[in-house]
Amino acid sequence: MFKNMIVYRIAPQWQVELTQVEEALAKLPFMECGATQEKSLGFVPPRGEEHGALVESVGGQWILRFMVESKVLPGSVLNRRVKEKAERIEKETGRKPGKKESKELKEEAKLDLLPMAFTKQGSMWVWIDKEARTIVFDTGSQGRADEVVSLLVESLPGLSVSLLYTETSPQAAMSHWLSTQEPPVGFTVDRECELKSADEAKAVVRYSRHPLDIEEVQAHIAAGKLPTKLALTWDDRVSLMLTEGLQIKKVSFLDTVFEGTKADDGGFDTDVAIATGELSKLIPDLIEALGGESDGVGSGGGAVAASRPSLASAVPVAPRGKDVGGRAITGPATAPVDTDPESAPF
């Protein structure tokens, strides 16, 4: 649970009860794709129980689970079916289909093939901490988080959120920690990072299971390479990978977290209590390590001049799946690049 995290800040005016959230999500249940449906999405009971509640409260923390299913239709298969249809028309009429007719043939072919296509499913944990005013999404992909945020903003009355921003950009902070060998209070630098040059060459240097307190790393930073990922450990309890876009990946709870628990203490409530208990302390410590929270208009200087894109203060409501003013419904004007999207479970 929560192997990756993208954190949004909830506007102070949002005040709802658990029952109101449940009622809203009841209108968005997940249903498997129909025969000719390419994609289906919605919410499922977090406990995995049939007909269970769509939002669970554990220790005051609200947990949701978002599910998406899509049909897998390889382009080569679709093109072959379109070609067969076009050849049949040419054989019967003696003419080749025009541009408009070819487009219609593609839609027909898709409808023919979708009932036979394989499906793939993915799920995402969503954690709402009302007291801390945060929503956390268990994904390493900004685009996937934005999709669910858009759905929640449309569905939950009065909900307004913005991406979390800090005074010092993660990239500037990571550069400072590596070049000075002085990690922030409560954190230690681990043995993995990625450095990328900002020039046209886009040279990349990766270290894996390698000590980073070496002159070579400092020399790369002095030469202009900027960190895009850095492995950290918080309080000897949680290990993580911080990215330049303030995405938190590869979250892992260390043995010290489970001291005092029994082998049979597992289960949904225990997992939620452990995860939210640790992460609700880690998040504010990480914000503090990055100079405190910012409104997104600018970021502090730090060791390296690297700031995140500007961000609208709130998310406007828009029709599901649509953009507002030509931009993504939420998130920065230019979403942080997903440098390793395949590592995300969703």
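Each chain has its residues counted from 1, running along the sequence as written. The predicted nature of this model means local features are confined to residues of pLDDT at least 70 and side-chain atom pairs, given and counted, to a pLDDT of 80 or more, with totals for whole chains, interfaces and linings taken over all residues. Side-chain numbers come from the whole structure's heavy atoms, not from hydrogens or water.

Novice: Can you walk me through the confidence of the model for the chain in this structure?
Specialist: Atom-level detail of predicted coordinates should not be read off regions where pLDDT is low. One number per residue, pLDDT, summarises how confident the predictor is, and it ranges from 0 to 100. Taken over all residues, the pLDDT of the chain has a mean of 84, while the share at 70 or more is 84%. Put simply, helix 3 (residues 99-113) is where the chain has its lowest mean pLDDT, 89, and strand 12 (residues 238-243) is where it has its highest, 98. Whether two residues are in contact is decided by their heavy atoms, any of which lying within 4.5 Å being enough. Here residues 297-345 scores under 50 on pLDDT; set against residues more than four positions off or in separate chains, the count is 105 contacts. Strands are runs of DSSP state E lasting at least two residues, helices are runs of H or I lasting at least four, and both sets are numbered from the N terminus onward.

Novice: Whenever I open this one, the pairing of strand 9 (residues 187-197) confuses me. Can you help?
Specialist: Here is the key point about a regular strand: its side chains alternate between the two faces of the sheet. Of the pairings in the sheet, the one linking strand 9 to strand 11 (residues 225-234) comprises 8 bridges and is antiparallel in character. The partner of E194 across the bridge, within strand 11, is K229. Pairing between strands is defined by DSSP: at least two bridges between them are needed. Inspection of the sheet shows strand 9 paired to strand 10 (residues 204-208) by 5 bridges, in the antiparallel sense. Across the sheet, E194 pairs through a bridge with R206, a residue of strand 10. Between the antiparallel neighbours strand 9 and strand 10 lie 6 residues, among them K202 with a positive phi of about 55°.

Novice: Would you mind showing me how to read the pattern of salt bridges here?
Specialist: When charged atoms on two side chains of opposite charge get close, those side chains can pair. The term salt bridge refers to a side-chain nitrogen of Lys or Arg lying within 4 Å of a carboxyl oxygen of Asp or Glu. Summed over the entire model, instances satisfying the criterion amount to 13 salt bridges. The salt bridge partner of R47 is E56, with a shortest N-O separation of 3.2 Å. Type-normalised accessible area, obtained with a 1.4 Å probe on protein chains alone, sets the label of each residue: buried when under 20%, exposed when over 50%, and partly exposed for intermediate values. Overall, R47 belongs to the partly exposed group, its relative accessible area being 29%. Across the salt bridge formed by E108 and K85, the nearest N and O atoms sit 3.9 Å from each other. Of the two residues, E108 sits in helix 3 while K85 sits in helix 2 (residues 75-93), which places them 23 residues apart along the sequence.

Novice: It is not clear to me how the environment of D199 should be interpreted in this structure. Could you clarify?
Specialist: Mapped onto the fold, D199 is located in the loop between strand 9 and strand 10. When its relative accessible area of 43% is taken as the criterion, D199 is described as partly exposed. Distance from D199 to K225, taken between C-alpha atoms, is 8.9 Å for residues 26 residues apart in sequence.

Novice: Sorry, what's going on with a negative patch on the surface here?
Specialist: Patch members must show over 30% relative accessible area and no salt bridge, and they are joined within 9 Å when carrying like charges or within 5 Å when they are nonpolar side chains of Val, Leu, Ile, Met, Phe, Trp or Tyr. The method behind every accessible area is Shrake-Rupley, applied with a 1.4 Å probe, and residues are considered shielded solely by the protein chains displayed. Just so you know, the count uses Lys and Arg for positive and Asp and Glu for negative, and it drops His and the chain ends. Note on charges: their place is set at NZ of Lys, CZ of Arg, CG of Asp or CD of Glu. A surface patch of negative charge is lined by D235, D236, D285 and E288. Since its relative accessible area comes to 54%, D236 is described here as exposed.

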